[in-house]
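# Observations on the model geometry
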Amino acid sequence: MSKNKVLQPNFKLSFLLPKYWLTWLGVFVLYSISWLPYKLQLAMGKMIGRLLYKVGSSRKKVALRNIQLCFPQMSEAEQLSMLKKNFENTGIALLETGMGWWWPDWRVKRKVKVKGLEHIKTAQENGNGVLLLAMHYLSAEINCRGIGYTNPMVVFYRPHNNQLMEYFQFRGRGRSNKYMLGKKDVKGLLKALGDGEACVYLPDQDYGRNRSLFVPFFGVKDAATTTGTLIFARKKNTKSMMIIPTRNDDGSGYTIEVMPPLENFPSHDDEQDLIRVNQELEKAISRKPEQYMWLHRRFKTRPNTDDPSLYK
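Since we're looking at a predicted model, the values are computed, not measured. (Residues numbered from 1 in each chain as written. Predicted model: local features only at pLDDT ≥ 70, side-chain atom pairs only at ≥ 80, totals over all residues. Heavy atoms only, no water.)

## Points about the nonpolar core
Grouped together as the largest cluster of nonpolar side chains are 47 residues, with contacts concentrated most on Met135, Leu189, Trp294 and Phe299. Ranked by residues supplied to this core, first place goes to helix H11 (residues 270-285) with six residues. Those residues in contact with Met135 that lie beyond four places of it in its chain are Leu202, Asp204, Met242, Ile243, Ile244, Pro245, Leu281, Ala284, Ile285 and Tyr292. Membership of the second largest hydrophobic core comes to 29 residues, among which are Tyr38, Val130, Val200 and Ile256. (Core = buried A, V, L, I, M, F, W, Y, C linked by side-chain atoms within 4.5 Å. Buried < 20%, exposed > 50% of the residue type's maximum accessible area, 1.4 Å probe, protein only. Helix = DSSP H or I, 4+ residues; strand = E, 2+ residues; numbered from the N terminus. Contact = heavy atoms within 4.5 Å.)

Right under this line is the structure:
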């Protein structure tokens, strides 16, 4: 096994201890629901999302604040409408986790369609690695599984803190892809690109002040934006392109679109390159903004440490 691959978590007898019993119950419920008809799961997910919205939480406040910051041109009623739809999609996403981890191959292939795959094929045939820039769409779990059947990927990911959930998460996400790399394994991803692999990287979150520049993102003019994208994009013989997954409005499944390679990217201007990345992300997210993960504190890091928080 190549040293850059994450070793697959093995089942441990400690997973049977009482501290994991609630996790086992959750997994059993999620697994059982995953076998229900797809449209029934969509309806159930919406109901779960509406319940979460009514219960309310700090995450609801974060999501609303993000929507307000990113879409200041919207009226208050429009912002609240998007928030409600976003929670419905969040509820669906919980059940899509079960779909992505446990659906049989034939069911995934029937529901996930990929467009623009020729862009990856052409790049690899010409001896290039492919850096696929993605975003945290809520349907990520099922789409991560689906893209692997058309072109197995190397996936950069964050291991789960709960070891039992990590066992299921790793096995589920890796069923149709080549292998996964922990989020700190920069050398591993660079090696994969050098080997001509197609690698998925998500540059849309706030990863802190270290290795970030402050550039515009939607309505926020100084959003902390990772320069990690440029480290990978500058790897020799690497083509960068956007990959945009969405859930179809008609309930037919999912569409993943691979866009043509970004031309003249990266340049020698880090700031302009990151502005461009954020602009591409904005265009992608704006297709289905209600399906985006607004629940995380995207703008938690401010340009100056004494700047007031945008979430107070």
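Moving on, there is more to tell.
## Structural notes on the pattern of salt bridges
Close approach of charged atoms allows side chains of opposite charge to pair. Scanning the entire structure with this criterion turns up 13 salt bridges. Arg234 is the salt-bridge partner of Asp270, the closest N and O atoms lying 2.6 Å from each other. Highlighted residues: Asp270 in helix H11 and Arg234 in the loop between helix H10 (228-233) and strand E8 (238-247), separated in sequence by 36 residues. Among the residues examined, Asp270 registers a relative accessible area of 32% and is labelled partly exposed. The partly exposed category is assigned to Arg234, whose relative accessible area is 39%. (Salt bridge = Lys/Arg side-chain N within 4 Å of Asp/Glu carboxyl O.)

## A few points about the pairing of strand E6 (residues 212-217)
Bridge analysis of E6 against strand E7 (residues 220-226) gives five bridges, and the strand direction is antiparallel. The residue of E7 that forms the bridge with Phe214 is Ala224. The antiparallel pairing of E6 with E7 creates a hairpin that spans two residues between the two strands, and Phe218 there sits at a positive phi of about 55 degrees. (Pairing = 2+ DSSP bridges.)

## A closer look at the UniProt feature "transmembrane region" (unreviewed entry) in the chain
The positions that UniProt labels "transmembrane region" (unreviewed entry) are, in the present scheme, residues 20-38. End C-alpha atoms of residues 20-38 are separated by 29 Å, and the span's content is 74% helix alongside 0% strand. (UniProt positions renumbered as here; feature names shortened; annotations may be inferred.)

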